[in-house]
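Overview (structure and organization)
Okay, here's what each chain looks like letter by letter:
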Amino acid sequence: MVREQDLDAARARFRRGGRSALVPEEVRAEVLASWERSACPDGGGADSGPAPFVGHHDGGPLLAAADAVLGAFATENPDAGCSVGLVSDDGTLRVRHDTATAPGELLDAAWWVPGHRHDEGSVGTTAAAIARETRRPVLVEGPEHLHPALRVLRDAAAPVTRGAHRAAVVVVTHAAEQGGAPLALARMLARGVAEHDERARQRRVLAMHDVTAALRAEGVPWVLATAGDDLWVGRGVQALPPPDQQSLHDLLTASVLLDETGAARHLDLPSGLCAEVRIREVRGEQGEVVGAVLGGVPVETHVAAGSASTAAREARRRQGSHVAPTARRDFAADLHRGPSREASEEARLRANQELFSPYVRARRDVTATLGHRRHLLLVGETGVGKRTLARERFAHLFPVGTSTTIDCAALGEHSTPDDDGLVGDPGADVHLVLLDQVHALTPRSARRLDEVLRPHTVLPGRVVVVGCLDSASVDAGRPYGLLLRHFHETVRVPALRHRTDELAEIARSVLRSTSGARSLRLSHQVVRVLEGYSWPGNIAELEDVLRYVVARKPVGVVQAPDLPAFCFTSAPRLTMLETAQADAIIHALYETRGNRYKAAALLGIARSSLYRKIDAFGISYIA
């Protein structure tokens, strides 16, 4: 009791006068250092409120191992009289198991609940916080805690490190308990968590090895596999240029995140090579998904007009359909020489789907880039939904991530973005910085923004920067050209006129948000009129049109006369993308001898979409 009274008195003197108010060796050195790191010597911070809730986001590979080991201990020792848990390196409690009711109730009162952060800035001194700093096991007595709700508890923590992931196993008992049993138990459980994680990793490695070895035995030259933080790169992939390797890695990551595994697909690599790839899930002994593997086969490039150099083939591929040979073109000719007819047809179908659904490809590329926490530049016409796409994909990948939007048009000649806004909440695992209207930067504001971004983009970290450029192309000579070096990838978001198949659903979604609870729907004739308009203002113009309609017709079915007159104007001449789509339709009709049902299946689009495009492109009957 005397010891507790001495610690209570020392804590009170420390809060009034800091370290200088204490008697030498009155408080353990590691505890005193924690008191000084805690944001509460002036009476605030650590005991000013409950531990903040930061969410249940991914705690790394140690989370599953800790849940299994600590859960088994709690089940096998129901009379241990303690609670055990795992605290991640940022101070957030990830796992907790109770073996007695009383400590559990005390921990609930102290907000020692999974998802709450218990670092020194939130609740003051804890065993996990000291173990994180000293990297050794430690025991903290009740009076050594600064938070009043923790002073009735006694906790011991032992650090666990697996690669780049660090955490601490914590054992909590009542402060009246004596002895060093909690510290010994924390050490034992920490060793158990590390050993369990190592065994799980070995099982993952063996499973991935079996799958990759089977692919190599089948003669697949390009093999790329991932399981958690581990990445296996086959020799064939290592021999590819770095941009090609990155493209394969991005596809593998995006397919795993979007759950698009199994089907074969066609892929154009940055070097000009074409490939057929298939991504498969890898399952463990108990059927759980432990990773994914990509197998790729290069496809020979077919040149209709005899042999040509690599540079010529790449120039033709990049420049588009307007420089192609005058003979009838087969967009899938380079796929016919694949390993199997079935795989070639699947790859051809996916290539056609990407041609007719450019937004799907843009969405997949954005997902892959953000999933790797790489900085991204979105390019597209005004109003195509670049900001909406970035925010939606970021929220999908990082549900508890934070974001900041910087309006580049509002940056003055002498104003500088707030650095706190770029960093966001320090407790968040990842923070999105969205640069809006990058094209509006002046030379001086671009230079100031470049200086602010540089510390956050030089090295990979928790800050992800996405720039939105309202332009059809990138001009490095403009002021924003100074910022281009910060972006790893550039993704072009297609205009609304290239999303004809999706326009009906987009219009209905906008109408629902605009009309509120009123009963209002679009007639089939109105949908056809909207699909025939070119939409130079993209989605923003569509929203204006539907707001105009709602104001004139609050309820009922929207008919063609309810639309503004300009919606009935004819579309301009075909763009390069529309020309490529028209060529693909013509070739499909030739191949199917004019059978539109088979042509639609060959192109991977609905028959109604094919009919609309035939009418829009003015394609005549083909027998």
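Residues numbered from 1 in each chain as written. Predicted model: local features only at pLDDT ≥ 70, side-chain atom pairs only at ≥ 80, totals over all residues. Heavy atoms only, no water.

This brings us to the overall build of the protein chain. Helices and strands together make up the secondary structure of the protein chain, namely 21 helices and 17 strands. Per-residue burial over the protein chain gives 47% buried out of 623 residues. Put simply, 67% of the contacts in the protein chain that link residues at least 6 apart link residues at least 24 apart. Surface exposure of the protein chain reaches about 29,300 Å², of which carbon and sulfur atoms provide 52%. (Helix = DSSP H or I, 4+ residues; strand = E, 2+ residues; numbered from the N terminus. Buried < 20%, exposed > 50% of the residue type's maximum accessible area, 1.4 Å probe, protein only. Contact = heavy atoms within 4.5 Å. Areas by Shrake-Rupley, 256 points an atom, 1.4 Å probe, with all protein chains shown as cover.)

Another aspect to go through is the pairing of strand E10 (residues 289-299). With eight of 11 residues buried, E10 is to be regarded as a mostly interior element. When strand E9 (residues 274-283) meets E10, the two strands line up antiparallel, connected through 10 bridges. Residue pairing in the sheet places Ala-275 in a bridge with Pro-298 of E10. (Pairing = 2+ DSSP bridges.)

Counting 27 residues, the largest nonpolar core has Val-27, Trp-35, Trp-112, Ala-157 and Val-170 as its most contacted members. At the level of secondary structure, the elements contributing two or more residues to this core comprise helix H1 (2-17), helix H2 (29-37), helix H6 (127-134), strand E3 (138-140), strand E4 (153-162) and strand E5 (165-174). The dominant element in this core, judged by the number of residues it contributes, is H6, at four residues. Among the nonpolar cores identified, the runner-up in size contains 24 residues, and Ile-506, Val-527, Ile-539 and Leu-542 belong to it. (Core = buried A, V, L, I, M, F, W, Y, C linked by side-chain atoms within 4.5 Å.)

Okay, the environment of Pro-148 next. Among the structural elements, Pro-148 can be located in the loop between E3 and E4. Once the C-alpha coordinates of Pro-148 and Gly-124 are considered, the two residues, 24 residues apart in sequence, prove to be 9.9 Å apart.

This brings us to the sheet that holds strand E12 (residues 402-407). If you trace the five strands from one edge of the open sheet to the other, you get E12-E13-E14-E11-E15, paired in parallel fashion. Each edge of the open sheet is held by one strand with a lone partner, namely E12 and strand E15 (489-492). Between one strand axis and the next, the sheet turns by 20° as a mean value, whatever way the strands run. The pairing of strand E11 (residues 376-380) with strand E14 (residues 463-470) spans five bridges and is parallel. Residue pairing in the sheet places Leu-378 in a bridge with Cys-468 of E14. Packing of helix H12 (residues 358-371) onto the sheet brings it into contact with E11, E14 and E15, and relative to E15 it is tilted by some 155°. (Axes fitted to C-alpha atoms, helices over the stretch in contact; angles between N-to-C directions.)

Enumeration over the complete set of coordinates arrives at four aromatic pairs. Geometrically, the ring pair formed by Tyr-533 and Trp-535 is edge-to-face, given 4.7 Å between the ring centres and 80° between the ring planes. The two residues Tyr-533 and Trp-535 agree in class, both being buried. Above the plane of the ring of Tyr-359 lies Arg-499, whose end atom (NZ or CZ) is 3.6 Å from the centre. (Phe/Tyr/Trp six-rings, centres within 6.5 Å; stacked < 30°, edge-to-face > 60°. Lys NZ or Arg CZ within 6 Å of the ring centre and 35° of its normal.)

What follows deals with the pattern of salt bridges. One pass over the structure, following the stated rule, counts 26 salt bridges. With a closest N to O distance of 2.9 Å, Glu-281 and Arg-283 form a salt bridge. Since its relative accessible area comes to 47%, Arg-283 is described here as partly exposed. (Salt bridge = Lys/Arg side-chain N within 4 Å of Asp/Glu carboxyl O.)

In the contact formed by helix H16 (residues 500-515) and helix H17 (residues 524-532), the axes pass within 9 Å of each other and the chain directions differ by 125°. Taken together, H16 and H17 sit at an angle that is classed as oblique. The handedness of the crossing between H16 and H17 is right-handed. In this structure, H16 uses Thr-500, Leu-503, Ala-504, Ala-507 and Arg-508 to contact H17, whose residues at the interface are Val-527, Leu-530 and Glu-531. (Parallel < 35°, antiparallel > 145°, perpendicular 65-115°, else oblique. Left-handed = near helix turned anticlockwise from the far one by under 90°.)

Before going further, it helps to examine the confidence of the model for the protein chain. Residues of the protein chain with pLDDT of at least 70 account for 81%, and the chain-wide mean is 79. Averaged pLDDT values for the elements of the protein chain fall to 43 in helix H10 (residues 310-319) and rise to 93 in E3. Low pLDDT (under 50) marks residues 41-46, which in the prediction has 17 contacts with non-local residues, meaning those over four places away or in another chain. Taken together, the stretch residues 301-329 has pLDDT below 50 and engages in 33 contacts with residues farther than four places along the chain or on a different chain. (pLDDT = per-residue confidence, 0-100.)

Moving on: unusual backbone geometry. Outside of glycine, negative phi angles account for most residues, and trans bonds account for most peptide bonds. Located in the positive-phi region is Trp-111, a residue other than glycine, with phi close to 60°. Positionally, Trp-111 belongs in the loop between helix H4 (101-109) and helix H5 (120-123). On the accessibility criterion, Trp-111 (39% relative accessible area) is partly exposed. Unusually for a residue other than glycine, Arg-373 sits at a positive phi of about 60°. Looking at the secondary structure, you find Arg-373 in the loop between H12 and E11. A relative accessible area of 26% means that Arg-373 is categorised as partly exposed.

The next subject is the side chain of Glu-26. Mapped onto the elements of the fold, Glu-26 is located in the loop between H1 and H2. At 2.4 Å, the side chain of Glu-26 and the side chain of Arg-13 are in polar contact. (Polar contact = N/O pair within 3.5 Å; in protein donor to acceptor, adjacent residues only side chain to side chain.)

On to the sheet that holds E4. Within a sheet, neighbouring strands are paired by backbone hydrogen bonds and run either parallel or antiparallel to one another. An order of E2-E1-E5-E4-E3 is seen for the five strands of this open sheet, with the pairing classed as antiparallel. The open sheet has two free edges, formed respectively by strand E2 (93-98) and E3, since each of these has just one partner strand. With strand direction ignored, the average angle separating the axes of adjacent strands in the sheet is 20°. Summarising the sheet, E4 and E5 pair through 10 bridges and their orientation is antiparallel. When the bridges of E5 are listed, Ala-158 appears paired with Val-169. Here helix H3 (residues 62-76) sits on the sheet in contact with strand E1 (83-88), E2, E4 and E5, set at roughly 10° to E2. Sitting on the sheet, H6 touches E1, E3, E4 and E5, and the angle it makes with E4 is about 35°.

Right, let's get into the environment of Ile-506. Relative to the helices and strands, Ile-506 resides in helix H16. Aside from chain neighbours lying at most four places away, what touches Ile-506 is Leu-496, Arg-499 and Leu-542.

Because the α-helix completes a turn every 3.6 residues, residues three or four places apart line up on one side. With 14 residues, H12 should reach 20 Å at 1.5 Å per residue; the first-to-last C-alpha distance of 20 Å fits that figure. Among all positions in H12, only Pro-358, Tyr-359, Ala-362, Arg-364, Val-366, Thr-367, Ala-368, Thr-369 and Leu-370 are buried. (Expected span 1.5 Å × (residues − 1).)

Before going further, it helps to spend a moment on the pairing of strand E8 (residues 264-268). Among the five residues that make up E8, four are buried, leaving the element largely enclosed by the rest of the structure. Bridging between E8 and E9 involves five bridges; their strand directions are antiparallel. Bridge pairing in E9 links Ala-264 to Arg-278. Hairpin connection between E8 and E9: a loop of five residues separates the two successive antiparallel strands, and Gly-272 in this loop has a positive phi of roughly 105°.

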